[in-house]
Amino acid sequence: MSKFVLLLGGSVHVTDRLLKQVAGARVLAADGGIAHAAPLGLTPELWLGDFDSTSPELEKEYAHVPRQVFPAAKDMTDGELALNEAYRLGATELVLCGAFGGVRTDHTLLHLTMATAHAAQGHKIILTSGSEEAHPLVGGEYVFDFVDKTQFSIVAFSQLHGLFIDGARWPLENVELSFGSSLPVSNAVCGTLHVSLHSGKAILIAAPPVA
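Residues numbered from 1 in each chain as written. Predicted model: local features only at pLDDT ≥ 70, side-chain atom pairs only at ≥ 80, totals over all residues. Heavy atoms only, no water.

A few points about the overall build of the protein chain
Defined as follows: By definition, any uninterrupted DSSP run of H or I lasting at least four residues is a helix, any uninterrupted run of E lasting at least two residues is a strand, and each is numbered from the N terminus. Radius of gyration: C-alpha atoms only; globule rule: 2.2 Å multiplied by the number of residues to the exponent 0.38. Each residue is assigned to one of three classes by its accessible area relative to the maximum for its type, calculated with a 1.4 Å probe on protein chains only: buried under 20%, partly exposed between the two thresholds, exposed over 50%. Two residues qualify as a contact provided that any one of their heavy atoms is within 4.5 Å of a heavy atom in the partner residue.
When helices and strands are counted, the protein chain shows five helices and 13 strands. At 17 Å, the protein chain has a C-alpha radius of gyration in line with the 17 Å of a compact globule built from 211 residues. Counting only C-alpha atoms and orienting by the principal axes, one finds that the protein chain spans roughly 55 × 35 × 35 Å. Taking all 211 residues of the protein chain together, 49% fall into the buried category. Within the protein chain, counting contacts between residues at least 6 apart in sequence, those at least 24 apart form 63% of the total.

Some thoughts on the nonpolar core
Counted only if it meets this: Nonpolar core, defined: a set of buried Ala, Val, Leu, Ile, Met, Phe, Trp, Tyr and Cys residues in which side-chain atoms within 4.5 Å join the residues together.
Counting residues in each nonpolar core, the largest one holds 25 residues, and the members touching the most others are Leu-6, Leu-94, Leu-96 and Leu-127. Among the secondary structure elements, those contributing two or more residues to this core are strand 1 (3–7), strand 2 (26–30), strand 3 (46–49), helix 4 (78–88), strand 5 (93–97), helix 5 (105–120), strand 6 (124–128) and strand 13 (202–207). Not counting the four nearest positions on each side in its chain, Leu-94 is found in contact with Phe-4, Leu-6, Leu-83, Ala-86, Tyr-87, Lys-124, Ile-125 and Ile-126. One finds Phe-144, Phe-152, Leu-160 and Leu-163 within the second-largest nonpolar core, a separate group that totals 20 residues.

Examining unusual backbone geometry
The phi dihedral of Asp-31 falls on the positive side, at around 50°, and the residue is not glycine. You can see Asp-31 is positioned in the loop between strand 2 and helix 2 (37–40). What makes Asp-31 buried here is its relative accessible area of 1%. The backbone phi angle of Lys-149 is positive, close to 75°, even though this residue is not glycine. Position of Lys-149 relative to the elements: it lies in the loop between strand 8 (140–144) and strand 9 (151–156). Residue Lys-149 is classed as exposed on the basis of its relative accessible area of 68%.

Focus: the pairing of strand 7 (residues 133–137)
Put simply, the rule reads: We call two strands paired when DSSP finds no fewer than two bridges between them.
Among the five residues in strand 7, five count as buried, and that is most of the element. Where strand 6 and strand 7 come together, two bridges link them in antiparallel fashion. Following the sheet pairing, Thr-128 is matched in strand 7 by Glu-133. The loop that links strand 6 with its antiparallel partner strand 7 comprises four residues; one of these, Gly-130, has a positive phi angle of about 95°. Direction of pairing for strand 7 relative to strand 13: antiparallel, over a ladder of five bridges. If you follow Pro-136 over to strand 13, its bridge partner there is Ile-203.

As for the pattern of salt bridges
Using the following cut-off: Any Lys or Arg side-chain nitrogen found within 4 Å of a carboxyl oxygen on Asp or Glu counts as a salt bridge.
With the rule as written, the count across this model stands at six salt bridges. The closest approach of N and O atoms between Glu-85 and Arg-88, which form a salt bridge, is 2.7 Å. One end of the pair is Glu-85 and the other is Arg-88, both in helix 4 and three residues apart, which spans about a single turn. A relative accessible area of 59% means that Arg-88 is categorised as exposed. Linked by salt bridges that have partners in common, Arg-17, Glu-133 and Asp-145 make up one network.

Some points on helix 4
Along helix 4, eight of the 11 residues are buried, which leaves the element largely enclosed by surrounding structure. Of the positions making up helix 4, those classed as buried are Asp-78, Gly-79, Leu-81, Ala-82, Leu-83, Glu-85, Ala-86 and Tyr-87. Remark: Gly-90 follows helix 4 within two positions and exhibits a positive phi of approximately 100°.

Section: helix 5
Selection rule: The span you would expect from a helix comes to 1.5 Å times its residue count less one.
Over its 16 residues, helix 5 extends 23 Å from the first C-alpha to the last, a length consistent with the 22 Å expected when each residue adds 1.5 Å. Of the residues making up helix 5, those classed as buried are Thr-108, His-111, Leu-112, Met-114, Ala-115, Thr-116, His-118 and Ala-119. Buried residues in helix 5 make contact with helix 4, strand 5, strand 6, strand 7 and strand 13. Gly-122 sits one or two residues past helix 5 and shows a positive phi near 100°.

Written out as structure tokens, the structure reads:
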């Protein structure tokens, strides 16, 4: 397994859980996301992007990090460039750190949908800000390590068929869920959370308690 952390331009809240998730991984930074490197104790091996959201202070602090510079007028985001580069370098597991928040809601939505699309291709990928994390759900079975009372929601990106939730305050059994339904929103873990899905695409968003 080759784990990569991608440092993106959203918010990051450093927690023990987040530090464990990024430990031992190779690190790529997308533009201004490199600001999260020092708080997380990480050293990027590559810095990618058009550098339109990088401050002069960051430019100076990380002048030693190798760069791939792209024009601002390009057909993908800096985050997607970093993701593609991670796969080119052999990534088998990805942690998108800084995937939520920031000033660009469109980028947050893209990170969620992009990660789900890659999960549907068989890639292992999670998204996190430290205070929130998201796990794509495609056909299959999933077991999560959240502690009791962790709040979570499942947001459908398509019609869902055969959705099961066990180990939660409100379990579900073999539910057909329409796109846009709020049924699996604002649930909570009770025990060990198991989720399975026969077919469809969705994402589980959780807010692990902060120690």
